[in-house]
Amino acid sequence: MAVHNYDVVVIGTGPAGESAAINAAKHGKRVAVVEKQAQVGGNCTHWGTIPSKALRHQVKQILSFNTNPMFRDIGEPRWFSFSRVMARSRVTIDQQVAMRTNFYARNRIDLFRGVARFKDEHTLLVRDDHEGMEELVAAKVIIATGSRPYRPADIDFRHPRIYCSDTILSLNHTPRTLIIFGAGVIGCEYASIFSGLGVKVDLINNRGSLLSFLDDEISDALSYHLRKHGVLIRHNEEYARVEGDDTGVTVHLRSGKRLRADAFLWANGRTGNTDQLGLENIGLEANGRGQLKVDDHYRTEVPNVYAVGDVIGWPSLASAAYDQGKNASDDMLEEDFRFVDDVPTGIYTIPEISSVGKTERELTEARVPYEVAQAFFKDTARAQITGDTVGMLKILFHQDSLEILGIHCFGDQASEIVHIGQAVMQQQGEANTLKYFINTTFNYPTMAEAYRVAAQNGMNRVF
């Protein structure tokens, strides 16, 4: 068995593992990464963020074509199969893999393909697909193995009409009807995607409202627009059993209802990829969802072993995972460290949602005297030009100091727009103020101009 010695070994090549490995390499450390899949990029590149967002973009283009009156002069509306749209999205995946593979080569990071398992706290055994074994010895180890869809044992995911959020990407036909169980971020995004392809969707939510961590007004707007596009939302429901047959899937709910559709998508929760790591050999134990506990420096209970990304749970976002990986690496290198806790949400429904900071509900419960500044996209020239008039920008600010407390955006380019407000919120003292948007000249016409419109609206409420 070949034995290799490193300063740092990173398990996983998703955003968290990639940033941790590259950061350590750039500081002169000898680094190796272990990836069990055939290609780098992790779940983010192959099953999660990149495929679903690329798929959403193609669907959004189809919707734009089919609803724009100008295109009716050249033909009737067009409808595309799911597999055809997904095939176009795979171009982006291939580009991402090529780019990220080059990152490791350029930074002289050794890449081992196989399943890593702890032999002891400094030693990993890596088994490849041909049962070959290599031993990696490292001063520090970073676990960045990501997560996979949680799949309850009482649902038969081997059935050809029953899918999880990973296997749905291999769907080779377009169902006429679809039941999605789970109305979290993933469920809502896929409800938007499939309804955009003309599929009738039942979205089953086991809670009382959609994405309750959002500002209530934004959550309500999402519900309205999903329903407008034909999604039937069923709140406060739990499944009793799911039965698949040759022609479809029947879902029996505990409330006594029965639902029938061509296909079923389970989108309710994720599990950390820790079951193959041999954690028992180093005295670590994952929780019931396969997640590892870490301190505020991403250290596990084993001093030289760190964990980052989806495998530690919240917030389970690619953006946060990338920053967590870099900062865990910074900590072991004794560089400047930041605990990643103020992360903007990015929800790629149609229209998309993004927010940062406090919601109205949180500020009200904390008895913070705040005011609301808002701009509706239908009133901005850029949105009128593009036709993407659905949505709004809402700024929550302190009534007295005008300090910005929260930014909430719903509509086209929301995940881009939010960063302008985020940048101002990060400033200290009087630099964080609503007046910034009034005293700054924005390009016209732009979506960013909504900040000026909203700020003037908010100042009109101040007395």
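My aim in this report is to walk through the structure given alongside it, one point at a time. In every chain, residue numbers begin from 1 and rise along the written sequence. Where totals are concerned, whole chains, interfaces and linings use all residues; where local detail is concerned, this predicted model gives features only for residues with pLDDT of at least 70, and gives and counts side-chain atom pairs only at 80 or more. Just so you know, side-chain values use all the structure's heavy atoms and leave hydrogens and water out.

Moving on, we get to the overall build of the protein chain. In this description a helix means any DSSP run of H or I spanning at least four residues, a strand means any run of E spanning at least two, and both kinds are numbered starting from the N terminus. Assigned secondary structure in the protein chain consists of 12 helices and 22 strands. Any two residues whose heavy atoms approach within 4.5 Å at even a single point are treated as in contact. Summarising the internal contacts of the protein chain: among those between residues at least 6 apart in sequence, 64% fall at separations of at least 24. Surface summary for the protein chain: the accessible area is close to 21800 Å², and the carbon and sulfur share equals 47%. When charges are tallied, Lys and Arg are placed among the positive residues and Asp and Glu among the negative ones, while His and the ends of the chain are skipped. For this purpose, a charge sits on NZ of Lys, CZ of Arg, CG of Asp or CD of Glu. Computed over 50 positive and 57 negative side-chain charges, the separation of the two mean positions in the protein chain equals 6 Å. Surface accessibility in these figures is a Shrake-Rupley result with a 1.4 Å probe; residues are shielded only by whichever protein chains are displayed.

The next point concerns the packing of helix α1 (residues 15-26) against helix α4 (residues 82-106). Two elements in contact, α1 and α4, have axes whose closest approach is 10 Å; the angle formed by their N-to-C orientations is 25°. Judged on the interaxial angle alone, α4 and α1 are roughly parallel. The interaxial crossing formed by α1 with α4 has left-handed handedness. Within the contact between the two elements, α1 uses Glu 18, Ala 21 and Ile 22 and α4 uses Arg 100, Phe 103 and Tyr 104. For the contact of α1 with α4, the class distribution of residues is 4 nonpolar, no polar and 2 charged. Here an axis means a line fitted to C-alpha atoms, over the contact stretch when the element is a helix, while the angle between two N-to-C directions is reported on a 0 to 180 degree scale. Orientation is classified from the angle alone, with under 35 degrees giving roughly parallel, over 145 giving roughly antiparallel, 65 to 115 giving roughly perpendicular, and any other angle giving oblique. In this scheme, a crossing is called left-handed if the near helix is turned counterclockwise away from the far one by less than a right angle; it is called right-handed if the turn is clockwise. Think of it as three bins: nonpolar holds Ala, Val, Leu, Ile, Met, Phe, Trp, Tyr, Cys and Pro, charged holds Asp, Glu, Lys and Arg, and polar takes everything else, Gly as well.

Before going further, it helps to spend a moment on the sheet that holds strand β22 (residues 404-411). When DSSP finds two or more bridges between a pair of strands, those strands are recorded as paired. Pairing is antiparallel in the open sheet, where 5 strands are placed in the order β18-β19-β22-β21-β20. Of all the strands in the sheet, just β18 (345-347) and β20 (370-376) have a single pairing partner and so form its edges. Each strand axis lies, on average, 10° off the axis of its neighbour in the sheet, ignoring direction. Helix-sheet contacts for helix α6 (residues 216-228) involve β19 (353-357), β20, β21 (391-398) and β22, and the interaxial angle to β22 is about 5°. The strands touched by helix α10 (residues 414-425) are β19, β21 and β22; relative to β22, the strand with the most contacts, the crossing angle is about 170°.

The nonpolar core is taken to be a set of buried Ala, Val, Leu, Ile, Met, Phe, Trp, Tyr and Cys residues, with the residues joined through side-chain atoms within 4.5 Å. Per-residue accessibility, obtained with a 1.4 Å probe over protein chains only, is compared with the maximum for each type, and a residue is labelled buried under 20%, exposed over 50%, and partly exposed between these values. Ranked by size, the top nonpolar core spans 50 residues in total, and within it Phe 118 and Ile 143 carry the most contacts. For this core, the leading source of residues is α1, giving 6 residues. Discounting chain neighbours no more than four positions away, the residues touching Ile 143 are Ile 11, Phe 118, Leu 277, Leu 279, Leu 292, Val 305, Tyr 306, Ala 307, Val 308 and Val 311. In terms of nonpolar packing, the next biggest core, distinct from the first, is built from 42 residues, Ile 180, Phe 194, Val 199 and Ala 263 among them.

Moving on: the sheet that holds strand β10 (residues 200-204). Strand order across the open sheet formed by 5 strands is β8-β15-β9-β10-β11, with parallel pairing between neighbours. Each edge of the open sheet carries a strand with a single partner, namely β8 (162-164) and β11 (232-234). For this sheet, the mean inter-axis angle between neighbouring strands, taken without regard to orientation, is 20°. In this structure, strand β9 (residues 177-181) lies alongside strand β15 (residues 263-266), joined through 4 bridges in parallel fashion. Within β15, the residue paired with Leu 178 across the bridge is Ala 263. Sheet strands touched by helix α5 (residues 185-196): β9, β10 and β15. Its angle to β10, the strand with the most contacts, is close to 170°.

What follows concerns the packing of aromatic side chains. Paired rings are identified among Phe, Tyr and Trp, the last through its six-membered ring, by centres lying within 6.5 Å, and are further divided according to the angle between planes into stacked (under 30 degrees), edge-to-face (over 60) and tilted (the rest). Per the counting criterion, the structure on display carries 11 aromatic pairs. Seen from their ring centres, Tyr 239 and Trp 266 are 5.5 Å apart, and the 85° between their planes marks the pair as edge-to-face. Of this pair, Tyr 239 sits in strand β12 (residues 239-244) while Trp 266 sits in strand β15, placing them 27 residues apart in sequence. Using a relative accessible area of 11% as the deciding quantity, one classes Tyr 239 as buried. For Trp 266, a relative accessible area of 3% corresponds to the buried category. For the ring pair Tyr 436 and Phe 437, a centre distance of 5.5 Å and an interplane angle of 85° mean the geometry is edge-to-face. Overall, Tyr 436 belongs to the partly exposed group, its relative accessible area being 38%. Of the residues examined, Phe 437 reaches a relative accessible area of 0% and is grouped as buried.

This part is about helix α7 (residues 318-332). With 15 residues, α7 ought to run about 21 Å at 1.5 Å a step, and its terminal C-alpha atoms sit 21 Å apart, in line with that. Within α7, burial applies to Ala 320, Ala 321, Gln 324, Gly 325, Asn 327, Ala 328, Ser 329, Asp 330, Asp 331 and Met 332. Buried residues in α7 make contact with β1 (2-11), α1, β6 (133-143) and β17 (305-307). In the segment just after α7, Glu 334 is the residue with positive phi, at about 60°. For a helix, the expected span equals 1.5 Å multiplied by the residue count minus one.

On to the environment of Phe 264, then. Note that Phe 264 resides in strand β15. As a C-alpha pair, Phe 264 and Ile 162 span 102 residues in sequence and 4.9 Å in three-dimensional space. Not counting the four nearest positions on each side in its chain, Phe 264 is found in contact with Ile 155, Arg 161, Ile 162, Tyr 163, Leu 178, Ile 179, Phe 181, Val 242, Val 249 and Val 251.

Let's shift gears to the pairing of β10. Moving residue by residue along a regular strand, the side chains alternate between the two faces of the sheet. In terms of burial, β10 is a largely internal element, 4 of the 5 residues being buried. Bridging between β9 and β10 involves 5 bridges; their strand directions are parallel. Within the sheet, the bridge partner assigned to Thr 177 lies in β10 and is Lys 200. A clockwise course of the path from the first strand over the helix to the second, judged with the strands pointing away from the viewer, identifies a crossover as right-handed. Following the backbone out of β9, through α5 and into the adjacent parallel β10, one traces a crossover that is right-handed. Relative to β11, β10 is paired through 3 bridges, and the arrangement is parallel. Residue pairing for β11: Asp 202 is matched across the bridge by Leu 232.

Position of Trp 314 relative to the elements: it lies in the loop between β17 and α7. We classify Trp 314 as exposed; its relative accessible area is 59%. Sequence-wise, Trp 314 and Gly 406 are 92 residues apart; in three dimensions their C-alpha atoms are separated by 20 Å. Excluding anything up to four places from it in sequence, Trp 314 contacts Gln 324, Val 340 and Asp 341.

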